[in-house]
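Residues per chain are reported as follows:
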Amino acid sequence: MRILVTGSAGMLGSALVPTLVRAGHDVRATDIDLTDPLPWGPGLPSLSHLDVRDAQQVRHAVGATDPDLVLHLAAETSLEISDADQDHAYLTNAIGTKYVALAARSAAVPMVYISTAGVFDGSKDGAYTEFDAPNPINTYGASKYEGERIVARTVEQHYIIRAGWMVGGGARKDHKFVSRIADQVRDGATTVYAVTDKLGTPTYAPDFSRCLLGLVDSGLFGLYHMACGGEGSRFDVAARILEVLGRDDVELVPVGSEHFAAEFPSPRPRSEIMRNMVLDLQGMNTMRPWRVALEEYLLAEFPDLVTSVRVA
Ligand SMILES: NC(=O)c1ccc[n+]([C@@H]2O[C@H](COP(=O)([O-])OP(=O)(O)OC[C@H]3O[C@@H](n4cnc5c(N)ncnc54)[C@H](OP(=O)(O)O)[C@@H]3O)[C@@H](O)[C@H]2O)c1
């Protein structure tokens, strides 16, 4: 298949584009950020510029590529930026998605939209399934949910896939929780703080990419949750990171969300735990447990942080 990918230069794109190419697909990788135009190295596609906030650019990219599938990753993923500038968040995550959806509909090609567990309000005790009603509590979640609704009503052949806490991108691209902890370890921290009151499901980008590939091959369009198996708090994830790195010299301190209120003022759902219920029911859930996937990620991408004690 010829596949047009938006937002390819981010955490998910860094795993997804190579996965698609290895599977034999012809990938046109685009992003607004062309700082590194050859992020995947030789033999893999170079990035070209596409800003999804520009309807004309989107129409032109789809027309020029003539894709068999449009994979829409581009998003403003910062909760704080989204809350501080709602117009920017809605322009990128909702209106930009509308432009991509309309172009996919005009070209009569299926579309994949990546959404988030952040569409839920977090009050549920058990894991969220595709049959639970979204009720976002911040601008990022609301704008991504609006993107879901636009895709669902615009493109008949769609996959809307909700990811959990994204894990991926390595030292260069990872700008989320895992690299935040890893950076503190690298900087010689002896104490690391992590919250116990935010629950979720880490989602390893390479596992997500493989599972997504199986899904788009199936033709079973619809709404999906696609997170790794299991659940935990941010504290649990940090504990696993330090365990894998063999860093028992670093003290992990449990705190509540108020500890980070100044740095991360946006409201976050208490729980973003998801179950991949539809993938389970369709016999297509290939996502591994998050603790296993996280270990693979750390050993592959942060080997310099693993203590010799752990390696031995
Ligand atoms: N990260 C998570 O924890 C998470 C969880 C669930 C779902 N998701 C979803 O997964 C998808 C991929 O996210 P990710 O984790 O790979 O995040 P990411 O690392 O922030 O990647 C998003 C990419 O989109 C680019 N982008 C932003 N605005 C754009 C625009 N107007 N036109 C074209 N490209 C634009 C970004 O460039 P800049 O870096 O220059 O802004 C970045 O390269 C997103 O749809 C996101 O909502 C992410």
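Here is what the cut-offs are and how they apply
Residues numbered from 1 in each chain as written. Predicted model: local features only at pLDDT ≥ 70, side-chain atom pairs only at ≥ 80, totals over all residues. Helix = DSSP H or I, 4+ residues; strand = E, 2+ residues; numbered from the N terminus. Rg over C-alpha atoms; globule rule 2.2 N^0.38 Å. Buried ≥ 20, exposed ≤ 12 C-beta atoms within 10 Å, placed from the backbone. Near = placed C-beta within 6 Å. Nonpolar A, V, L, I, M, F, W, Y, C, P; charged D, E, K, R; others polar. Pairing = 2+ DSSP bridges. Contact = placed C-beta atoms within 7 Å. Domains from an automatic or database assignment.

1. Notes on the overall build of the protein chain
(1) Moving on: The number of helices and strands found in the protein chain is 12 helices and 14 strands.
(2) Moving on: Here the C-alpha atoms of the protein chain give a radius of gyration of 19 Å, agreeing with the 20 Å that 2.2 N^0.38 yields for 312 residues.
(3) Moving on: Within the span of the protein chain, comprising 312 residues, buried residues form 46% of the whole.

2. Looking at the site of the ligand
(1) Moving on: The full set close to the ligand counts 28 residues, and G7, G10, A74, A75 and M166 are the nearest of them.
(2) Moving on: Take the shell around the ligand: its biggest share by element is 3 residues, from helix α1 (residues 11-22).
(3) Moving on: Looking at the shell around the ligand, its residues break down into 13 nonpolar, 8 polar and 7 charged.

3. Brief notes about the sheet that holds strand β9 (residues 199-200)
Sheet strands pair by backbone hydrogen bonding; their relative direction is either parallel or antiparallel.
(1) Moving on: Strand order in the open sheet made by the 3 strands is β12-β9-β14, with mixed pairing throughout. Here the strands that pair on one side only, and so sit at the sheet edges, are β12 (232-233) and β14 (271-272).
(2) Moving on: Pairing analysis gives 2 bridges linking β9 to β14, with the strands arranged parallel. Residue pairing for β14: G200 is matched across the bridge by E272.

4. What to know about the environment of F120
(1) Moving on: Secondary-structure assignment places F120 in the loop between β5 (111-116) and α5 (139-154).
(2) Moving on: Placed 162 residues apart in sequence, F120 and Q282 show a C-alpha to C-alpha distance of 23 Å.
(3) Moving on: If we skip the residues at most four places from it in the chain, F120 touches Y128, D132, P134, N135, P269 and E272.

5. Notes on the environment of G147
(1) Moving on: Secondary-structure assignment places G147 in helix α5.
(2) Moving on: In sequence terms G147 and G96 are 51 residues apart; their C-alpha atoms lie 8.5 Å from each other.
(3) Moving on: Not counting the four nearest positions on each side in its chain, G147 is found in contact with N93, A94, T97, Y113 and S115.

6. Overview of the domain arrangement of the protein chain
(1) Moving on: For the protein chain, the domain assignment lists domain 1 (2-166 + 201-225) and domain 2 (171-200 + 230-273 + 289-311).
(2) Moving on: The C-alpha-based centres of domain 1 and domain 2 are spaced at 25 Å.
(3) Moving on: The partner domain 2 presents 22 residues to the 24 residues of domain 1 that form the contact.
(4) Moving on: Secondary structure elements with two or more residues in the side of domain 1 that touches domain 2: α1, α3 (79-84), β7 (165-167) and β10 (202-204).
(5) Moving on: By residue number, the principal contributor to the side of domain 1 that touches domain 2 is α3, which donates 3 residues.
(6) Moving on: Residue composition of the side of domain 1 that touches domain 2, grouped by class: 11 nonpolar, 8 polar and 5 charged.

7. Topic: unusual backbone geometry
(1) Moving on: A positive phi angle, near 50 degrees, is found at D66, a position not held by glycine.
(2) Moving on: Residue D66 is classed as exposed on the basis of its C-beta count, with 11 C-beta atoms lying within 10 Å.
(3) Moving on: The phi dihedral of A108 is positive, around 55 degrees, even though this residue is not glycine.
(4) Moving on: Here A108 shows up in the loop between α4 (86-107) and β5.
(5) Moving on: By C-beta crowding, A108 is classed as exposed, having 9 other C-beta atoms within 10 Å.

8. Describing the environment of N93
(1) Moving on: Secondary-structure assignment places N93 in helix α4.
(2) Moving on: C-beta crowding within 10 Å serves as the criterion here: with 28 such atoms nearby, N93 is assigned to the buried category.
(3) Moving on: The spatial distance from the C-alpha of N93 to the C-alpha of L298 is 30 Å, given a sequence separation of 205 residues.
(4) Moving on: Dropping the residues within four chain positions of it, N93 is found in contact with A75, E76, S143, K144 and G147.

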